Number of protein chains: 2
Amino acid sequence: MGNHRSCCPISSSLDIFGDKWTLVIIRDFFAGKSLYSEFLDSPEKISTNILASRLKTLEKHGLIIEGKKSIKTGKKSYKLTKRGKSLYEVLDVMANWGLKNIKGTEKRISVPAP
Amino acid sequence: MGNHRSCCPISSSLDIFGDKWTLVIIRDFFAGKSLYSEFLDSPEKISTNILASRLKTLEKHGLIIEGKKSIKTGKKSYKLTKRGKSLYEVLDVMANWGLKNIKGTEKRISVPAP
DNA sequence: CAAATTACTTGCAATTCGATAGTAACTATA
DNA sequence: TATAGTTACTATCGAATTGCAAGTAATTTG
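Bear in mind that the values here come from a model prediction, so they are computed numbers and not experimental data. (Residues numbered from 1 in each chain as written. Chains lettered and ligands numbered in written order. Predicted model: local features only at pLDDT ≥ 70, side-chain atom pairs only at ≥ 80, totals over all residues. Heavy atoms only, no water.)

## Topic: the protein's contact with DNA strand C
For step 1, the next point in the chain: Residues in contact with DNA strand C amount to 16 residues; listed here are only the nearest, A:Thr48, A:Lys76, A:Tyr78, B:Trp21 and B:Asn49.
For step 2, the next point in the chain: Here DNA strand C approaches the protein such that, of its atoms within 4 Å, sugar and phosphate make up 58%.
For step 3, the next point in the chain: At 2.9 Å, a side-chain N or O of A:Lys76 approaches a phosphate oxygen of DNA strand C.
For step 4, the next point in the chain: Those elements that provide at least two residues to the surface near DNA strand C are α3 (36–40), α4 (48–60) and β2 (76–80) of chain A together with α4 (48–60) of chain B. (Near = heavy atom within 4 Å. Polar contact = N/O pair within 3.5 Å; in protein donor to acceptor, adjacent residues only side chain to side chain. Helix = DSSP H or I, 4+ residues; strand = E, 2+ residues; numbered from the N terminus.)

## Description of the pattern of salt bridges
For step 1, the next point in the chain: Considering all chains together, one arrives at ten salt bridges over all chains under this definition.
For step 2, the next point in the chain: The partner of A:Lys76 in a salt bridge is A:Glu66, with the nearest N and O atoms 2.6 Å apart. With A:Lys76 in strand β2 and A:Glu66 in strand β1 (residues 64–69), this pair connects stretches of sequence that are ten residues apart.
For step 3, the next point in the chain: Here A:Glu66 falls in the partly exposed class, since its relative accessible area comes to 36%.
For step 4, the next point in the chain: Among the ionic pairs, B:Asp19 bridges to B:Arg54, the shortest N-O distance being 3.1 Å. Linking B:Asp19 in the loop between α1 (9–17) and α2 (22–30) with B:Arg54 in helix α4, this pair joins segments that are 35 residues apart in sequence. Accessibility classification places B:Asp19 together with B:Arg54 in one group, the buried group.
For step 5, the next point in the chain: Through salt bridges with shared partners, a single ionic network connects A:Arg27, A:Asp28 and A:Glu44. (Salt bridge = Lys/Arg side-chain N within 4 Å of Asp/Glu carboxyl O. Buried < 20%, exposed > 50% of the residue type's maximum accessible area, 1.4 Å probe, protein only.)

## A short note on the nonpolar core
Most often, soluble globular proteins keep nonpolar side chains buried together rather than apart.
For step 1, the next point in the chain: One finds A:Leu23 and B:Leu23 to be the most contacted residues of the largest nonpolar core, which totals 60 residues.
For step 2, the next point in the chain: Look past the residues within four positions of B:Leu23 in its chain and what remains in contact with it is A:Leu14, B:Phe17, B:Leu87, B:Val90, B:Leu91 and B:Met94. (Core = buried A, V, L, I, M, F, W, Y, C linked by side-chain atoms within 4.5 Å. Contact = heavy atoms within 4.5 Å.)

Purely geometric numbers; function is a separate question.
Shown next as structure tokens:
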């Protein structure tokens, strides 16, 4: 998957998840969500086209995998791959930074270590 | 500065630096850069309008401060505030993630702890 | 069978991005 | 002193991305 701007691991990481939505979706995975409709329910109110395109690129980068539709519920589920789960530390440090440095933020979604 | 999408510290952090460029600039600060022209020189090749606008919002959020132009060199310099320096851990964990998970990345810019 | 739900796609206007060119202020060189 | 160069931007404009709303196909529930 090599068209990153430079060989810098920081800019290359940002090439994957440097936007306003991708890590919000990953956060939701850690919070236990796995269904399209569950991601839509989050307070940030992602729109359907953005969600669909982010899920696609997350899969492309091997951070999540799509499951089949459940025969019982008719719902498709997604889950984090091992690589996706390795983003835990990134989210954790960002959450702590936000809590310390942005007023009005609060710990709400418990992000259990994977 | 309160118009974040939710009270989540992760999404609120992303409201500030959730894009492809902001953390690249912060990385450069940690690498010792402080001049407009130095940021332009980075291998990612940020364009001038993006750099100027990012410096502006970084200042607005209190992560950097603008210095006056030097009378000797005619150059203006920017530097990280304490709050800006507190982003060190975020960069550090992202750099490690990239090194482990994105092939072709390499440790190049030494990021000394602030 | 009709209505609802789920997971999208499509269309479109508005915003943002990125490349380039231009500019104002100053500095160094001839 | 005139000229060229440097610095830190701003302006412009086409391209890409975003966000909202509406539409759709495949189930699934009443």
